[in-house]
Amino acid sequence: PIILAINKCDKPEADPDRVKKELLSYDLVCEEFGGDIQAIKISALKGHNLQELAEATVTLAEVLELKADPTGLVEGTVVESRTDKGKGPVTTAIVQRGTLKKGSVLVAGKTWAKVRLMFDENGASLSQAGPSTPVEIVGWKELPSAGDEILEVETEQRAREVVEWRKYVEEEEKINEDLEVIEAKQKEHRDTYKKNKETFSNMTWRQRKSAMYKANKQLMSSRPTEKLLDEKPTFPLIIKGDVDGSVEAILSIIDTYDAEEQCELDLVHFGVGDISENDIALAETFKGYVYGFNVNSNKYIQQLAAKKGVTIKLHKVIYHLVEDLKEELSNKLSPMVEQNIKGEFLHFFTLPILSEFPIA
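Residues numbered from 1 in each chain as written. Predicted model: local features only at pLDDT ≥ 70, side-chain atom pairs only at ≥ 80, totals over all residues. Heavy atoms only, no water.

### Describing the packing of aromatic side chains
A complete count under the given rule lists two aromatic pairs for this structure. For the pair Trp165 and Tyr168, a centre-to-centre distance of 5.6 Å together with 35° between the ring planes defines the contact as tilted. Remark: Tyr168 and Trp165 occur in helix H3 (residues 156–200); sequence separation between them is three residues, near one turn of the helix. A relative accessible area of 54% means that Trp165 is categorised as exposed. Classification of Tyr168 by relative accessible area gives partly exposed; the value is 43%. Look at Phe235 and Tyr289: their rings are 4.8 Å apart centre to centre, the planes differ by 20°, and that puts the pair in the stacked class. Taken together, the residues Phe235 in strand E11 (residues 234–241) and Tyr289 in strand E13 (residues 289–293) connect sequence positions 54 residues apart. (Phe/Tyr/Trp six-rings, centres within 6.5 Å; stacked < 30°, edge-to-face > 60°. Helix = DSSP H or I, 4+ residues; strand = E, 2+ residues; numbered from the N terminus. Buried < 20%, exposed > 50% of the residue type's maximum accessible area, 1.4 Å probe, protein only.)

### Digging into the packing of helix H6 (residues 277–286) against helix H7 (residues 299–308)
H7 packs onto H6 with a crossing angle of 10° between their chain directions and a minimal axis gap of 10 Å. With respect to H7, the element H6 is oriented roughly parallel. Our pair here, H6 against H7, has a crossing hand that is right-handed. On the side of H6, the interface is formed by Glu277, Ile280 and Glu284, while H7 contributes Tyr300, Ile301, Leu304, Ala305 and Lys308. Of the residues belonging to the contact of H6 with H7, the class tally is five nonpolar, no polar and three charged. (Axes fitted to C-alpha atoms, helices over the stretch in contact; angles between N-to-C directions. Parallel < 35°, antiparallel > 145°, perpendicular 65-115°, else oblique. Left-handed = near helix turned anticlockwise from the far one by under 90°. Contact = heavy atoms within 4.5 Å. Nonpolar A, V, L, I, M, F, W, Y, C, P; charged D, E, K, R; others polar.)

### A short note on unusual backbone geometry
One non-glycine residue, Ser132, lies in the positive phi region at around 65°. With respect to the helices and strands, the residue Ser132 is situated in the loop between strand E8 (128–129) and strand E9 (134–140). By relative accessible area, which is 60% here, Ser132 ends up exposed. Look at Asn294: it is not a glycine, yet its phi comes out positive at around 60°. Within the secondary structure, Asn294 sits in the loop between E13 and H7.

### Brief notes about the sheet that holds strand E3 (residues 75–84)
Strand pairing in a sheet takes place through backbone hydrogen bonds and is either antiparallel or parallel in direction. Strand order in this closed barrel of six strands is E3-E4-E9-E7-E6-E10, and the pairing throughout is antiparallel. Neighbour-to-neighbour, the strand axes of the sheet open up by a mean angle of 50°, direction not taken into account. Bridge count between strand E7 (residues 111–119) and E9: four bridges; the pairing is antiparallel. By the bridge assignment, Ala113 is partnered in E9 with Trp140. (Pairing = 2+ DSSP bridges.)

### Some words on the pairing of E13
Along E13, five of the five residues are buried, which leaves the element largely enclosed by surrounding structure. By the alternation rule, side chains of E13 split into Tyr289, Tyr291 and Phe293 and Val290 and Gly292, which are all buried. Relative to E13, E11 runs parallel, the two being bridged by five bridges. When the bridges of E13 are listed, Ile239 appears paired with Tyr291. Relative to strand E14 (residues 311–315), E13 runs parallel, the two being bridged by five bridges. For Phe293, the partnering residue across the bridge sits in E14 and is His315. Each parallel crossover has a hand, and the one from E13 via H7 to E14 is right-handed. (Right-handed = clockwise from strand over helix to strand, strands pointing away.)

### Describing helix H5 (residues 244–255)
Under the 1.5 Å per step criterion, the end-to-end length of H5 is 16 Å for 12 residues, consistent within 8% with the ideal 16 Å. Of the residues making up H5, those classed as buried are Asp244, Ser246, Val247, Ile250, Leu251 and Ile254. Projection of H5 onto a plane perpendicular to its axis shows the buried side chains occupying an angular sector of 160°, all on one side. Residues of H5 that are buried in the fold lie against E3, E11, strand E12 (264–272), E13 and helix H8 (318–332). (Expected span 1.5 Å × (residues − 1). Arc of directions from axis to C-beta.)

Given below as structure tokens:
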């Protein structure tokens, strides 16, 4: 079920109808166009129509008869995750089933937690959280990713077993993918060998030796010479964000980069939290740039970066970060020379007229 909330409708240039029409390409049809998706025009800044959005959500839940079971083991979803200086890894989650209590053991993705503290949306401490309750959970060993499913297990030992099993399955899948690539390469080499063997099968040993010599000579001549420096420019990049969702959004934008043949964009590292010494060391090793979104770098980190010649760029608006990244990538490219012909200069010569007859 989907409810469409069109934000920033308080701006004079807002055009909600354009948003609804563009969503038709994704098979999302609003009620105005004969569909079943409710569209609410809101303003998060000024609080316009937020009550109407809540009522639409409750109405849809009642129509679909969506009910949660407050008993049994907890199930939920990670909405966001971040690193807090005083609390450590912190996640914002929605409880979908069961009742979450302090001391519960949770598993999400490839990490687990024993709930030490819980807070509501106002920062007040909670002792338990039932279904449909947004809650901030403290006690994770590592940061899970936004969207990971949260499951409650009986003991910490069981949580470790689940995490180890998930990591093992991921490693096995990666090994299988690598084996498929290796087998494809081996098959290609076997086919090439059989083809060459069939070509030389009807030749004498002298003819075979001469043909192999010519083939190897041609192969060596066509092989590119070894270069000490790669002609194609590269742009090593380190991304740090305040929360997992911000980093995910930036990585999604980076995935749309399609100019690898001109300048290779090398994502060295990405993570959540303030810029650290490790980030500076990586940037120095790969001669890269450190981009931070809604994070800080203390005075010591800035001095260390200046000493090692590492560029740190901090942004509060994601579009500014993307524009800055585009500008830096453009500076890496070699200049393109274009020749535009404005006109041509023509020479005219006057030739004498020759005639056999005298001119009267």
